[in-house]
Structures are given as C-alpha cells and as structure tokens.
Amino acid sequence: MSEMQMALTNTAGVTSVMSFWVFVASNGFKEKKDLLIKIGSGALIMAFVSLTAAIIFRGIDAQRFPLANLYESLLWFAWATMGGYLFLAQTYGIRQLGWLASLTALLMFLYGSWLPQSQHDITPLVPALVSYWRWVHVPPLIISYAMFFLGGLAGFIQLYRSGRVASMFSAIVTVLLALLAIVLGTFTSVDTAWLQILFAGASFFGTVVSFKLLDRINKSKIDLRGAELYDDISYRCIAIGMPLLTFGIITGGLWANHAWGTYWSWDPKESMALVTWLSYAAYIHLRVHRECSPEKLALVSIVGLLLTLMTYLGFNSLGLGGLHSYGKFK
Amino acid sequence: MHITDEPKTDQKPWQSLKNGLASVKLTIFLMSLTALTVLLGAWCPQESQTGKDKVVETFGAESAKILTQLGITDIYHSPFFLSLIAMLTVNMIACSFLRVFPRVKLLSKPLPFLTGKDIVKLPFNTSIPITRNDSSLLAVVAVKLSKGGYNVKTSDQKILAEYGKYGRLAATVTHIGLLSLLVGVTITSWTGFNGFQPVLLDNHLDFQESEHSKLWVGKLPSWSVRVDATKREDYPTGEPKQWFSTLSVVDKTGKVVRTQEISVNNPLTYEGVDIYQSSWGLDNVVLNFNGSEKRLDLRPMGKLYAAFLPLDQDTMMLFSIRADGTPIKVFAKRPDWEAPRLLTQLTQNKPARLGPVTIELKKLVPITGLQYKCDPGLPVTYFAFAFIIVGVLMAAIPHRHFWLSLDRNADGNTLYMGGRSVKDKVGFERLVKRMASDLEAEFGPATEKAPSSELSVKVHPKQELATAAKGDSAKDFQGDN
Ligand code: HEM
C-alpha cells in the first residue's frame, strides 16, 4: 500500500468514527442537536470523499480495478453505505439513520483492518478474475448489499418510531448474534458447524420473537410521521438495491457463460444471491399486496438484512465456500 | 397498485380457482418457500456438483444418508423443488394475464381533473385560502411541477400532473422478462444438449454420449468433429499455458466442411453447437520392441506422465515423459533396488538398445478434452435478462399524481392540492407542503409576514385512506400504480 492510500484510508476511518460519536452525541444534547448533526454529517462527507480517493489511489497503485479481494470489497461496502446515507439524507432531510450508517461503515473498516496483511497487500489477480466482467459484475452487487443494509437499518428506526421498542431490541440482538458468528468464523478457528447453527438459530428464533413482540407497543414512543418516513426510506433503499442485485446476478451469469459455457450452475454463493433476490421480490409483492403493516414490513427488511449479511460475508466465513469464496484467513 | 382479491360471493368454481391461482398471497408464499429451498441447497453440498463423497465427508455417512433420502443432497432436481417452480410458473402466468398485463391499458386512459371536493379525499391533501387571485398562480405551480419532472396539464382553474408514468409498466416489463426466461430455459432443456468427451488424436467427437433432459425432443447433429492436431504450450517453468486443438467438422458424407484451431476461451461454433477446449493430456505411447508394436497407457503423475510394463514377477519397466517433444526416460525397478534405475532415453526415430532388445518410440498419442453445448434458448434468455433488468429498474421510479383546484366558495377562494405517491411518499408530501407555504405567502391573506408552513397549512394525511378504500368517485385514480 502506498503512503497516500494508507493516509486516505485512515482519514476515512477516523472521520467515520468521529461522525458516529457526534451523531450519537446529538441525541443527547437537545439544544445543540442541529449543530452536532451538521458536524456529524460533515465528518461523514469527509469520510466519504477520502474513501473515494483511497479507492481510486488503490486502483492506480494496483493498475487494476480495485475490487478483487475481501478487503477491497469491504472498502467498497463502507463507501456505498456512506454514499447511500448521504443520498437519503439529501432527499429526505433525515438525521437518525446517520449514526447507524457511520456505525456500519466503521464496523466494515474494523473488520477489514483485522484481516491479515495479505489482504491489504496488492496482489496480482488469479487468472479466473482477469476479465472486464469483474468491473460489471461486482460493484453493483456490493452497492446493492449496502442499500439493503440501509433498508434494514431504516427498518430498526421504523420499529422504534412506531413504538415497537421490544421488537426492535430483539431484532438488534438477532443481527448482533449473526455478526458475532461471522466475526468468529473469520478470525477464530471455532468449528464452522457451530457458527452456522449460531447464525441460523439466532436468525430464526430472533425473527420469530421479534414478530411476536410486535404486539407490545410503547405508546409514549410513537411518532407516526417518523414511522411513516422510515417506512418509506426502507422501501426506497430496497427499490434501489433490487435492480442492482438483479443486474449483478445477471451479469454474473453472462460472465460464467462467456467463461465456461453455462450461465447458472447452482454454486452456493450464486444460490444464496438468488435466495436474497427472491426474498426481496417477496418483499416487493408484500408491498404491492398492501395488507402488511409497516412494522411487519420493517421486520421483513431486517430479515433481508440478515440474508444479505449471509450472502455477502456469511458464506465465506461460515465455511460454505464454493467457487466464489475469498478464501480463509486463519 | 392496489390489489384486493375479488369478492368471493357468487363465483363459479373455476372463477374462484382462477382467482386463487392469481393471488398475490400465493405468490409471496411460494417465493418464500422457494427461497428457503434454495437456501437449503446452498448450505448442503450438492451431489450433482461436488459428488456423493463430499456430502459424506461433510456430514458423516449416517447424516448424509438421511439428507439424501430427504432429497436435500440433490435438491434442485427433487420433485418438491420442481413442483414448486411449476406452481410459481402457473401463478405467474395467471397473475400476469389476469392482473398485471391488463393494467397497461390504464396508462392510456386519461385522468380526470378534480375539484376540491374530490381532492380532499385523496391520501394526501392540503388547502389554503387565497385572497390575491391573480392569474399567475396556476402558472407558478405549473412551472414548479415541470421543473420537478412532472408532466403537467392545466385547464381553467385546475391542474393535473403526473410523475414517473412509465414506472407503472415495471410489473409488466419484469413479468414479461420472467416469462421469457422460463420459455428460454424450457427451449434449451427440451432441445439443447451438452457434454464432455475426451477425444484421441485423429478420432471423432460424435455427441452420442451427450446429456439432455428427460423430456427431450431435440436432434443431435449428423456431423462429427475430428481432432486433426492437438498440443500443449508451456510456460518456461513447465506449467501449462494454453491448450490447442485443430478440429475439422466432417459431414455425413465424410466431407470436411470447416477446419479451425480452438483453445481455452476460443471455441468453435458450428450450427449452434459450441465446442470448447477444456482439458488436455497424453493418453498413450506406442513403442516398438524388436519389431513388434506395443501400446502402453500413460497415467498423469503430477507434472509427468508414466507408463508401466511388467517384465516378470519382480521387474517392472517404467517410462516417464514430461511433455510431447521431450525425451522419454526409461527406468527399471526391482523390489530390492532402492530407487528405479535410469536405463536409457528415447526420442522419436532414435532406437535404443537394451541388451538383446531394441526399443523405438513410434508415437505419443495426446488426448484432448472437449466440452460442447447446444443452447437454442439462449437468445430468448438474453432477451429475458434485458427485460428483467429494465423492469426492476422501472420499479424504483416513484409514481406520483398531483391535482390542484382553485375553488370559489362563499367566503373567498380556496386552493386545494393533493395527490399520491406510491414510493417516496414523504418526498412527495414535502414538495406539496413547501409549495403550499410558498403559495400562501404570495397569494394568501395579507398577513404581516409569511406564516410558517407547518402552522397554517392544513394537512390531512391518513384520514382519507379509509374513504378511498370504500370506493367512491375517487376510486378510479386511487387504486393504481
Ligand atoms: C412468480 C410469480 C409472480 C407473480 C404471481 C407475481 C405477481 C405480481 C403482481 C400481481 C404484481 C402487481 C402488478 C400491478 O399491480 O401492477 C406484481 C408486481 C411486480 N412484480 Fe411480480 N409476480 C411474480 C414474480 C415476480 C418476480 C420473481 C419478480 C422479480 C423481481 C417480480 C417483480 C415484480 C415487480 C418489480 C413488480 C412491480 C412492483 C411495483 O410496481 O413496485 N415479480 N407481481
């Protein structure tokens, strides 16, 4: 890594930490709220700009498109999360999602920086990846994952604003357990079978419990306009993520057909992307059907977040590899 | 985009069957079930890809047996999965023709202008009193809307505007794509074939052992492909760099109709069949022992190939070769020797003498691995891909309707504005509210200072949803997308 690139990546990391704490603080100091939110957004914009530059510099250093291993893809994910949030903040004038977006970006930075040095180094590509299709196939996928993440995060806030505090906490615990499984799977040698059970069990029971808890309404927390706003935002994120995911899956098929004469081979990661795609297709039809309450839809978007997590990081870290795995780092 | 399942009274049985098949609830259920099934398939190694051994290795013999019995180890060919896909197909065809495609007609149906009485029934509406009634009011609104990308129509004291009209075609375009995908995949499955055949130099690839689906009505080619030459190119390190085969297409009568050299990523295409170079090896070596020919099979051993020739109980002759064109090393091996002993090296046309025996290398026979496929549905599939991508892109476009009416009442004029937006409702409402407060400042009662919008504008979200759902005069433009 060149020094320039290192400096830029570090700046992006530090500013996103800053923006996270400033956003969090803005919820505490009512009088200074507006100012703090301005500072937080400013820091996030800075993080976004320096990360953009860092990615470009990495591409120049490597003399190739800088999206070839997990570390690079995490940089892209953080970038897309920040960019997506800034777009939403611009269109909706929202402020609550900010700290969640910077937290997500931050976690991705941390995860990326914990990866072994070999991931940070710029290495030549394996022959299978030397193709212009990589440009076309991968970025839309990463950006769609980021949008689905934001959609799920907006779902959390929707639950809070509609007074479903208990359900929200249960959903948060669910996602944290899933993340734990992934972190353990990446950095420790815990048997992946247990981690699969942790991920799947937490997701399943957590989701069921969260649905059950929807009946518990904390009236004092209800903010109807807010709930409606975040419902709308969640839908918007998913409506943007869906075409990107579709495009990514289809171009993957075209690449495969070009390279070895078949566009679909039920490779595990491929199948998992299809699962995610089908789930969001179901979500779209739930919307179209108009019988599902916004709170239920918020939970569905959180289930989507879990599936996205599984597709993006889970298959690699929980030992389900297949053709697309980035490899093990232990 | 408002779907209510039709009333269930007074229906003929087939009518209710039709509605059942076209129900969106069923769609959501089937999609979720399909997603779960594919999830299982992604989790469990599939026999058809990784082989049975991998399943046993992953789960142990006992569990593997249970998984196999449940059909999970070959889930994409299981009757369960296939019938799920079949049901989704029926559901999608029914929905598309009964619900989705008919909606295209709505696009060309002109929307009515509305008066204040109807506007207040819209999901989102607001009204402001107007005192300075000058003719520029409507023009101001029209310009604002046009700038925002709306298609604006004005009449007298009314405005009707629409945004993202073609977003309403999203469902139609996506579903045409999905149906075409099914058609494309079906054409391929019924008429296409594929396979892999290792072919020796000078032999023919004849497609007889190709794989195809059970319901197959296709035809195998009457021509065959002859391997005229095949070679391997190495890096200086000895790693293979590229494989080449020169192929001739030979028709029924034995006439060569096409000759082409293929390599990895550079297939031969003839009459819709693609032939790919997919692997390469040396198959056998022909040697001459004191005038009599003997063919020995070569086995890959790491980077080398080796052939074995037992001489008696204990003695074995070993022939090893790295690549075509390099000399063959001849070893002898006995149990009491520590390592095989090199006896001699053979190159073409240079016989070697080993005691009473003369050995001569006649030829090395390479074998080329040819992968072939015929995918007649591919053009349809690509067409489908394009439609699906465009369709889901269109679904991201928010679709909005906006109405405005300036009504004269006894106590002055009131400006009614309202509308609906299926996605990005909040963005739409912010636009209308901002416009209302601007208009009130400019044309409203002459107060000291422009009032803050939130306070003076009456906003009635929600309340009207109930009215709208009951189906009154506003119904036509309520339930759509
Ligand atoms: C498999 C059976 C399916 C059925 C029965 C079905 C049915 C429907 C129906 C009834 C609508 C509402 C149309 C309207 O009111 O205009 C719709 C909309 C839609 N469907 Fe499907 N669908 C199916 C599969 C899919 C799949 C796999 C996708 C993939 C993404 C998809 C994408 C869409 C989209 C994008 C819309 C438009 C949503 C919007 O306007 O926001 N459909 N579908």
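Being a predicted model, the structure only gives us computed values, none of them experimental. (Residues numbered from 1 in each chain as written. Chains lettered and ligands numbered in written order. Predicted model: local features only at pLDDT ≥ 70, side-chain atom pairs only at ≥ 80, totals over all residues. Heavy atoms only, no water.)

Draft legend 1. Structural view of the overall build of chain B. Secondary structure summary: chain B contains 14 helices and 21 strands in total. Out of the 481 residues in chain B, the part that is buried amounts to 43%. Partitioning the intrachain contacts of chain B with sequence separation of at least 6 by distance along the chain shows that 60% fall at a separation of at least 24. (Helix = DSSP H or I, 4+ residues; strand = E, 2+ residues; numbered from the N terminus. Buried < 20%, exposed > 50% of the residue type's maximum accessible area, 1.4 Å probe, protein only. Contact = heavy atoms within 4.5 Å.)

Draft legend 2. Looking closely at the coordination of the iron atom of the ligand. Of the protein atoms, only His285 of chain A (NE2) and His175 of chain B (NE2) coordinate the iron atom of the ligand, at distances of 1.9 to 2.0 Å. Its six donor atoms give the iron atom of the ligand angles of 83 to 179 degrees at the centre, a pattern that matches the octahedral case. In this pair, histidine 285 of chain A sits in helix α10 (residues 268-289) while histidine 175 of chain B sits in helix α9 (residues 170-191), so the two residues belong to two different chains. Across the pair, exposure class does not vary: histidine 285 of chain A and histidine 175 of chain B are buried alike. (Donors = N, O, S within 2.8 Å, 3.2 Å for Na, K, Ca; no water. Tetrahedral: all angles 85-135°; square planar, octahedral: opposite > 155°, others 65-115°.)

Draft legend 3. Expanded view of the pattern of salt bridges. On inspection of all chains with the given rule, the structure shows 14 salt bridges over all chains. Between lysine 425 of chain B and glutamate 228 of chain A there is a salt bridge; the shortest N-O distance is 3.5 Å. Placement of the pair is lysine 425 of chain B in helix α11 (residues 425-443) and glutamate 228 of chain A in helix α9 (residues 224-260), with the two residues belonging to separate chains. We classify lysine 425 of chain B as partly exposed; its relative accessible area is 28%. (Salt bridge = Lys/Arg side-chain N within 4 Å of Asp/Glu carboxyl O.)

Draft legend 4. Spotlight on the interface of chain B and chain A. Taken together, the 49 residues of chain B in the interface contact 44 residues of chain A. A buried area of about 4,100 Å², summed over both sides, lies between chain B and chain A, and 65% of it is on carbon and sulfur atoms. Our count for the chain B to chain A interface comes out at eight residue pairs in polar contact (both at pLDDT 80 or more). Where the side of chain B that touches chain A is concerned, the elements lending two or more residues are α2 (24-43), α9, α10 (378-395) and α11 of chain B. Residue contributions to the side of chain B that touches chain A peak at twelve residues, all from α2 of chain B. Residues that form the side of chain B that touches chain A fall into these classes: 28 nonpolar, nine polar and twelve charged. (Buried area = accessible area lost by both parts, 1.4 Å probe. Polar contact = N/O pair within 3.5 Å; in protein donor to acceptor, adjacent residues only side chain to side chain. Nonpolar A, V, L, I, M, F, W, Y, C, P; charged D, E, K, R; others polar.)

Draft legend 5. Just empty space enclosed by the protein, in detail. All names here are of chain A. A complete count under the given rule lists three cavities of 30 Å³ or more for this structure. Reported here for the largest cavity is a volume of approximately 40 Å³. Lining the largest cavity we find Ala171, Thr174, Gly206, Thr207, Ser210, Leu299, Ile302, Val303 and Leu306. Mapped onto the lining of the largest cavity, the elements with two or more residues apiece are α7 (165-187), α8 (192-212) and α11 (294-317). (1 Å grid on protein atoms, 1.4 Å probe; cavity = no way out; pocket = protein on both sides within 12 Å on 5 of 7 lines; lining within 4 Å. Points joined across faces, edges and corners; volume = space filled by probe spheres on them.)

Draft legend 6. Highlighting the packing of aromatic side chains. Applying the stated criterion across every chain, the model contains 31 aromatic pairs over all chains. Ring geometry for phenylalanine 65 of chain A against tryptophan 135 of chain A: centres 4.3 Å apart, planes inclined by 20 degrees, an arrangement best described as stacked. With a gap of 70 residues between them, phenylalanine 65 of chain A in the loop between α2 (33-62) and α3 (70-92) and tryptophan 135 of chain A in helix α6 (residues 133-161) connect regions that are remote in the sequence. The exposure class of tryptophan 135 of chain A is exposed, given its relative accessible area of 52%. Taken together, a centroid distance of 5.7 Å and an interplanar angle of 70 degrees make the contact between tryptophan 76 of chain A and tryptophan 79 of chain A edge-to-face. Highlighted residues: tryptophan 76 of chain A and tryptophan 79 of chain A, both in helix α3, separated by three residues, approximately one helical turn. Tryptophan 76 of chain A gets classed as buried once you look at its relative accessible area, which sits at 11%. Through a chain of ring-to-ring contacts, three or more aromatic side chains come together here, namely Phe193, Phe207, Trp216, Trp223, Tyr270 and Tyr372 of chain B. Between lysine 231 of chain B and the ring centre of phenylalanine 244 of chain B, over which it is positioned, the NZ or CZ distance is 4.9 Å. The residue whose ring lies beneath arginine 341 of chain B is tryptophan 337 of chain B, and the NZ or CZ to ring-centre distance is 4.1 Å. (Phe/Tyr/Trp six-rings, centres within 6.5 Å; stacked < 30°, edge-to-face > 60°. Lys NZ or Arg CZ within 6 Å of the ring centre and 35° of its normal.)

Draft legend 7. Spatial organisation of the domain arrangement of chain B. Residue and element names in this part refer to chain B. With domains assigned, chain B is organised as domain 1 (12-105), domain 2 (118-164 + 398-449 + 459-480), domain 3 (174-280 + 369-391) and domain 4 (282-362). With centres defined by C-alpha atoms, the gap from domain 1 to domain 3 works out at 29 Å. Carbon and sulfur atoms supply 88% of the area buried between domain 1 and domain 3, which totals about 500 Å² over both sides. Where domain 1 packs against domain 3, one counts zero residue pairs in polar contact (both at pLDDT 80 or more). (Domains from an automatic or database assignment.)

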